[in-house]
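# Summary of the model geometry
Now for the letters of each chain:
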Amino acid sequence: MIGLISATAAGATARDQLAAAWPDRTRVYEGPVADAVRAAFAECEQLVCFLATGAVVRLIAPLLDDKRTDPGVVCVDEGGRFAVSLVGGHGGGANELAVQVGELLAAEPVVTTATDAVGVPGLDTLGFPVEGDVAGVSRALLDGEPVALDAELAWPLPPLKVSDRGAYVVRVTDRAVEAAEREVVLRPPSLVVGVGASKGAPVDEVLGLIESAVRDAGLSLASVAELATVDAKSDEPGIVEAARRLGVPLLTYSAEELAAVEVPNPSEAPLAAVGTPSVAEAAALVRGGELLVPKRKSERADGQAAMATCAVVRRLARGRLAVVGLGPGARDLLTPRAKAELRRAAVLVGLDQYVDQIRDLLRPGTLVLESGLGAEEERARTAVAEARKGQAVALIGSGDAGVYAMASPALAEASDDIDVVGVPGVTAALAAAAILGAPLGHDHVSISLSDLHTPWEVIERRVRAAAEADIVVTFYNPRSRGRDWQLPKALAILAEHREPTTPVGVVRNASRPDGSSRLTSLAALDPATVDMMTVVTVGNTATRDIAGRMVTPRGYRWQEASE
């Protein structure tokens, strides 16, 4: 929960704007400011104070305890010009909150955390538990001193300025080792614990077994990524509570899935009880990996039969490929999720002109692999190959990466040996539609007129089907120097089924500073005015020009009654 505190009318206006935008995330604290700050500090994970930073410093100073547990605090000035991350930039999430508040209130986020200020990823923001000399190693990274990467597990990491040798060390391991001087240890989520339990098994017995199994194997509990069991035990209280206390998800699998997994220690007891000869080992191994701790039973002080079993598997490190849609080009239409993936990537693959759009968002040290037009399949192969090396890779495309872009060739190249994440983007058709009005208010289809990869006979058949079905059509890649007859042909097909006055929207470089748009008609459109940077949207028989806007009625009764 985010506590909101203000002292003046101007502050209250901005406060209420934030509360209205985030009704489920925020709580307004009224009354004397000092009392409100104390209450919010004790009750909330984060605070936004619409007060001077000096005042907030004095109010929270007596309350500060530990940066790992204190709430993040953001200050917004009376004029609403700045959102200042005051304390808890990383641990309390104040840096990210300052950015979010800034976007909502049109204020400039002010972040002074050293790593964020220069674009170096904070070691405590990589998504892994971290131990050791975080401040010392971070300072070395900032100062450009040699920092060695000792990766016992090749886990995908964001770009770090590391080398083979250095006085400071970033160590990646799931083993229970203490961080040495000038060293940090990153704990990757590499361990899966399979768990079986009798009905009513106490949580302390289940949790104690897991902890002892991991500890005795010389492993770190901080690297446990998930618990796994059979479907029949999905609501077993002892297992569910153990997962909750460890702060990891509980995954379940059917008995049939587990029975198909080859294990070293099958047993008749679970086969009779839940339909599989193994629960703990099979659940840990079902997605592959190395069995580090074979099936182990709990030990009870009262001498009664064990009620829990577990097994520990180290899952194979997998590279990560994020296929990212950049939207139509405007920075404010690039989604926050896309920005986060760009900053997470150690390797970026993309068309050179798209790379130029977002180069400033990349962290220092990101390996950029760019190429020119016409190399889509090569870029896809490159991105997949880099991910197979264990890297965190971002493959970028304009609009939505799954619409006439890079997702298809990348997924055709990829197999199940890497993790693939899709990041949606605003498509050119949607950006153009927003400019034109509401042309896509009913059924619609997008058709590319480029016959470089699709035979024209196939394209023509699709255009004709859309024309006969009275569907709004958006044409991508409508015309180039070498392809100047396809658009006139497609328009002629549509004209067989639609009136000459049918509205047609033409948008070039949608959302960009040099963008342009116009509303014309099927008969009046001059194909010579269209190029590859343009999308052409042709309405259906119900589409109308209303006050200069292209509108396709949804078909609601109020619309029918007004006609």
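Scroll up to find the structure this text is about.
Report on the accompanying structure.

Reading the values: the criteria
Residues numbered from 1 in each chain as written. Predicted model: local features only at pLDDT ≥ 70, side-chain atom pairs only at ≥ 80, totals over all residues. Heavy atoms only, no water. Helix = DSSP H or I, 4+ residues; strand = E, 2+ residues; numbered from the N terminus. Buried < 20%, exposed > 50% of the residue type's maximum accessible area, 1.4 Å probe, protein only. Contact = heavy atoms within 4.5 Å. Areas by Shrake-Rupley, 256 points an atom, 1.4 Å probe, with all protein chains shown as cover. Lys, Arg positive; Asp, Glu negative; His and termini not counted. Charge placed at Lys NZ, Arg CZ, Asp CG, Glu CD. Polar contact = N/O pair within 3.5 Å; in protein donor to acceptor, adjacent residues only side chain to side chain. 1 Å grid on protein atoms, 1.4 Å probe; cavity = no way out; pocket = protein on both sides within 12 Å on 5 of 7 lines; lining within 4 Å. Points joined across faces, edges and corners; volume = space filled by probe spheres on them. Nonpolar A, V, L, I, M, F, W, Y, C, P; charged D, E, K, R; others polar. Arc of directions from axis to C-beta. Pairing = 2+ DSSP bridges. Salt bridge = Lys/Arg side-chain N within 4 Å of Asp/Glu carboxyl O. Phe/Tyr/Trp six-rings, centres within 6.5 Å; stacked < 30°, edge-to-face > 60°. Lys NZ or Arg CZ within 6 Å of the ring centre and 35° of its normal. Axes fitted to C-alpha atoms, helices over the stretch in contact; angles between N-to-C directions. Parallel < 35°, antiparallel > 145°, perpendicular 65-115°, else oblique. Left-handed = near helix turned anticlockwise from the far one by under 90°.

## Focus: the overall build of the protein chain
For the protein chain, the helix and strand inventory stands at 19 helices and 28 strands. A burial count over the protein chain gives 46% of its 563 residues as buried. In the protein chain, of all internal contacts separated by at least 6 residues, the share reaching a separation of at least 24 is 64%. When the accessible surface of the protein chain is totalled, it reaches about 26,800 Å², and 51% of it is carbon and sulfur. Within the protein chain, one finds 55 positive and 74 negative side-chain charges whose respective centroids are separated by 2 Å.

## Comments concerning the side chain of Ser-85
Position of Ser-85 among the secondary structure elements: in strand β5 (residues 82-87). A distance of 2.7 Å separates the side chain of Ser-85 from the side chain of Asn-95, its partner in a polar contact. Among residues more than four places away in sequence, those in contact with Ser-85 are Val-73, Val-74, Ala-94, Asn-95, Ala-98, Val-110 and Val-111.

## Overview of unusual backbone geometry
Positive phi values are uncommon outside glycine, yet Tyr-404 reaches one of about 50°. Inspection of the secondary structure assignment puts Tyr-404 in the loop between β19 (392-397) and α15 (407-413). Look at Tyr-404 and you get partly exposed, because its relative accessible area is 44%. Not every positive phi belongs to a glycine, and Asp-470 is a case in point at roughly 60°. Inspection of the secondary structure puts Asp-470 in the loop between α17 (456-468) and β23 (472-476).

## Concerning the layout of surface pockets
In this approach, a probe sized like a water molecule rolls over the atoms, and the result shows the empty space that is left. Estimates place the volume of the largest pocket at around 1,600 Å³. Elements with a contribution of two residues or more to the lining of the largest pocket: α13 (352-358), α14 (376-388), β19, α15, β22 (444-448), α17, β24 (503-508) and β26 (534-538). For the lining of the largest pocket, the element with the most residues is α14, which contributes 4 residues. A breakdown of the residues in the lining of the largest pocket according to their chemical character gives 21 nonpolar, 18 polar and 9 charged.

## Some details on helix α18 (residues 486-495)
The complete set of buried residues in α18 reads Gln-486, Leu-487, Ala-490, Leu-491, Ile-493 and Leu-494. Along the axis of α18, the buried positions cluster into a sector of 155°, meaning they face one direction only. In this structure, the buried residues of α18 make contact with α17, β23 and β26.

## Some words on the pairing of strand β10 (residues 183-186)
Burial of β10 is two-sided: the residues Glu-183 and Val-185 facing one way and the residues Val-184 and Leu-186 facing the other way are all buried. Sheet analysis places strand β7 (residues 130-132) next to β10, joined by 3 bridges and oriented antiparallel. The residue bridging Gly-132 from the neighbouring strand is Val-184, located in β10.

## A closer look at the environment of Arg-464
Within the element layout of this structure, Arg-464 appears in helix α17. Separated by 30 residues in the primary sequence, Arg-464 and Leu-494 have C-alpha atoms spaced 7.1 Å apart. Contact partners of Arg-464, with chain neighbours within four places excluded, come to Ile-493 and Glu-496.

## Some thoughts on the pattern of salt bridges
The full count for this structure, using the stated rule, is 31 salt bridges. Its salt-bridge partner being Glu-103, residue Lys-339 comes within 3.9 Å of it at the nearest N-O pair. Here Glu-103 lies in helix α4 (residues 94-105) and Lys-339 lies in helix α12 (residues 336-344), a separation of 236 residues in the sequence. The salt bridge partner of Arg-171 is Glu-152, with a shortest N-O separation of 3.1 Å. Residue Arg-171 is located in strand β9 (residues 168-172), and its partner Glu-152 is located in the loop between β8 (147-151) and β9; the two are separated by 19 residues in the primary sequence. By sharing partners, the salt bridges in this structure join Asp-150, Glu-152, Arg-171, Arg-175 and Glu-183 into a single network.

## Considering the side chain of Thr-534
With respect to the helices, strands and loops of the structure, Thr-534 is situated in strand β26. Assessed through its relative accessible area of 3%, Thr-534 is described here as buried. Engagement of the side chain of Thr-534 in a polar contact is seen with the side chain of Asp-531, the distance being 2.8 Å. When near neighbours in sequence (up to four residues on either side) are disregarded, Thr-534 contacts Phe-475, Pro-478, Val-506, Val-507 and Arg-508.

## Some words on the packing of aromatic side chains
Tallied over the full model, the rule gives 2 aromatic pairs. Between Tyr-404 and Tyr-476, the aromatic rings sit 4.8 Å apart at their centres with planes inclined by 55°, giving tilted as the arrangement. Of the two residues, Tyr-404 is situated in the loop between β19 and α15 and Tyr-476 in strand β23; the sequence distance between them amounts to 72 residues. A residue is classified by how much of its surface remains accessible, and Tyr-476, at 10% relative accessible area, is buried. Each ring, one from Trp-456 and one from Trp-485, has its centre 5.0 Å from the other, and the planes form 70°; the classification is edge-to-face. Of the two residues, Trp-456 is situated in helix α17 and Trp-485 in the loop between β23 and α18; the sequence distance between them amounts to 29 residues. By relative accessible area, Trp-485 is classed as partly exposed at 42%. Directly above the ring of Trp-22 sits Arg-25, whose terminal nitrogen or CZ lies 4.3 Å from the centroid.

## Concerning the sheet that holds strand β11 (residues 191-197)
Judged by pairing direction, the sheet is mixed, and its 5 strands sit side by side in the order β13-β12-β11-β15-β14 without closing on themselves. Strand pairing shows two members of the sheet lacking a second neighbour, β13 (250-253) and β14 (290-297), which therefore form its edges. When strand polarity is set aside, the average angle formed by the axes of neighbouring strands in this sheet is 20°. Across the sheet, helix α7 (residues 203-216) is in contact with β11, β12 (224-230), β14 and β15 (308-314); its angle to β15 comes to roughly 35°. Those strands touched by helix α8 (residues 237-246) are β11, β12 and β13, and its axis lies near 170° from that of β12.

## Quick look at the packing of α17 against α18
Two elements in contact, α17 and α18, have axes separated by 9 Å at closest approach and are oriented at 30°. Considering the angle they form, α17 stands roughly parallel to α18. Crossing angle aside, the handedness with which α17 passes α18 is right-handed. Listed contacts from α18 to Trp-456, Glu-460, Val-463, Arg-464 and Ala-467 of α17 are Gln-486, Lys-489, Ala-490, Ile-493 and Leu-494. Of the residues assigned to the contact of α17 with α18, the class counts are 6 nonpolar, 1 polar and 3 charged.

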